[in-house]
Amino acid sequence: MTSLTVKDATLVSPAGQTRATVHCNEGVIQALLPPGDAPSADRVIDAKGAYVIPGAIDAHVHLGVILPYADSCREESAAAVTGGVTTMWHYLLSPGSFKDTHAQHVADLEAHSIVDQGFHGLVTNAQQVWEIPETVDELRLTSYKFHMAMKGPEAGYGIVGLDDGLIFEGMRQVATRPGVMALIHAENIDVILHNRELGIAADPDATDTATWSNHRPHFTEEEAIIRSSIFAENAGAPLCVIHTSVGRGPELIRAGRDRYPPLYMETCPQYLVLDMDMPLGTWGKVNPPLRTKTDQELLWAGLADGSIDWMGSDHCDYDLPTRQGNIWDVGPGLPGGMTMILPVLLSEGVNKGRLTLERVVEVTSANFARLIGASPRKGTIAVGSDADLVMIDLEKEVTIDADVLNGHSDYTPFEGMVMRGWPRITIAGGHVLYEDGEVDRGTSHRGTLVTVPPDAMPVH
């Protein structure tokens, strides 16, 4: 398919809603026309006034955790389109320089992913810190994650937390290239490791989610948010605090912005609907951990008032064999979150009066695309933008299980939840890849790497 017309859609942007027809050709939006127009195309979809939003961007994806990266691209991009995600931003991991693994990752995604991808650099060593200016210039990496946790017995999967000196130096290197952003996993690992020893001594065979959450109390994340914000201010680097779980997070980031404006915040669907007291067992182990219902409500408020800038999922391709054992030993992370971003925001946000559709567009595509430099290619429905569109149905009810999510994982911590609000059709690059519950797994469409040209770097 090379051409597609979506007739009579209600297009949603951060600025409002408008009725129009969208005509796409060769993967790009060619025209926005009056709603009654229907240019001929290989396929014409009559939206009949249904809401159509820009394809969602999952700003936080870990591919290749269990599966090889190439296989993960194939399996998890099917999960992506099921949830209306048309672009995944993957955390590129390498034991040495990012230059060692970048080309193979690009080749794998172009061969196997059915949606586009961008790369964050996940910094795990001093070489990667000092090479930041080079990897910006040569690889067009324009965002770098620094991990305050993942040390000692909590390290794994090739991810190693850095000490504060390397984190601060990394932020200084980020600041040498205008428009590049630092990302932070904000937790105080020294307190956490102390609590871990005490927790294992008290209950070495624990399997409940609450035990995991309790050894990483709220203040260990709150203190690290403040500390990393001060680092960024003194380094002169834009900073996003990613996967925020604590309800005070929005308050802390607002206070930091009063001193240093280019501070941003991300949260994830699990922190909006899952809590530490649910009977999830090892299925609920994630870092930062699940919190309380009070934290959930404060995060919803932060989404509504603009304190939280974008959504990610922190998605990992775990399966049931990886969940065997006690809470101390199984790997941290949740599957299924990528598919759940839009359904959670539609069901528990829009349909419960917490968010507007316009705000959903901001936090699922527009803000991240603007702040990372991918706009206007991504995050908007405009002539010349990629033909990434999602037709949503606010009344469609879906009961969640692993099969519904269409990914590799054979379990999901969201199991049994009923979401009212779901994508009806997901279009990526002008191709209908998901429709009424089914993924077009035989599509010839393949994703490409999204990069930011030097002359299009964002201004923070």
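Residues numbered from 1 in each chain as written. Predicted model: local features only at pLDDT ≥ 70, side-chain atom pairs only at ≥ 80, totals over all residues. Heavy atoms only, no water.

Draft legend 1. The environment of E76, seen in detail. With respect to the helices, strands and loops of the structure, E76 is situated in helix α1 (residues 69-82). Along the chain, E76 and M391 lie 315 residues apart, while their C-alpha atoms are 20 Å from each other. When neighbours within four sequence positions are excluded, E76 is seen to be in contact with L63, M88, H315, D317, M338, G407 and H408. A polar contact of 2.4 Å, which involves the side chain of E76, links it to the side chain of H315. (Helix = DSSP H or I, 4+ residues; strand = E, 2+ residues; numbered from the N terminus. Contact = heavy atoms within 4.5 Å. Polar contact = N/O pair within 3.5 Å; in protein donor to acceptor, adjacent residues only side chain to side chain.)

Draft legend 2. Structural detail: the nonpolar core. Membership of the largest hydrophobic core comes to 95 residues, with the highest contact counts inside it found for Y144, F146, M171 and L345. By residue number, the principal contributor to this core is helix α12 (residues 337-350), which donates eight residues. Excluding anything up to four places from it in sequence, L345 contacts L272, W300, L303, M311, V350, L355, V360, V363 and T364. (Core = buried A, V, L, I, M, F, W, Y, C linked by side-chain atoms within 4.5 Å. Buried < 20%, exposed > 50% of the residue type's maximum accessible area, 1.4 Å probe, protein only.)

Draft legend 3. Inspection of the side chain of H445 at higher detail. The residue H445 is located in the segment after β17 (438-439) in this model. Here I114 takes part through its backbone oxygen, which lies 3.0 Å from a polar atom of the side chain of H445. With residues up to four places along the chain from it excluded, the contact list for H445 reads S113, I114, A428, G429, H431 and L433.

Draft legend 4. Examining the pattern of salt bridges more closely. Across all of its chains, the model carries 30 salt bridges by this definition. As a salt-bridge pair, R291 and E221 come within 3.0 Å of each other at their nearest N and O atoms. Here R291 is found in the loop between α10 (270-273) and α11 (293-305), whereas its partner E221 is found in helix α8 (residues 218-235), with 70 residues between them in sequence. Of the two residues examined, R291 and E221, each falls in the buried class. We note a salt bridge from R254 to D305, for which the minimum N-O separation is 3.5 Å. (Salt bridge = Lys/Arg side-chain N within 4 Å of Asp/Glu carboxyl O.)

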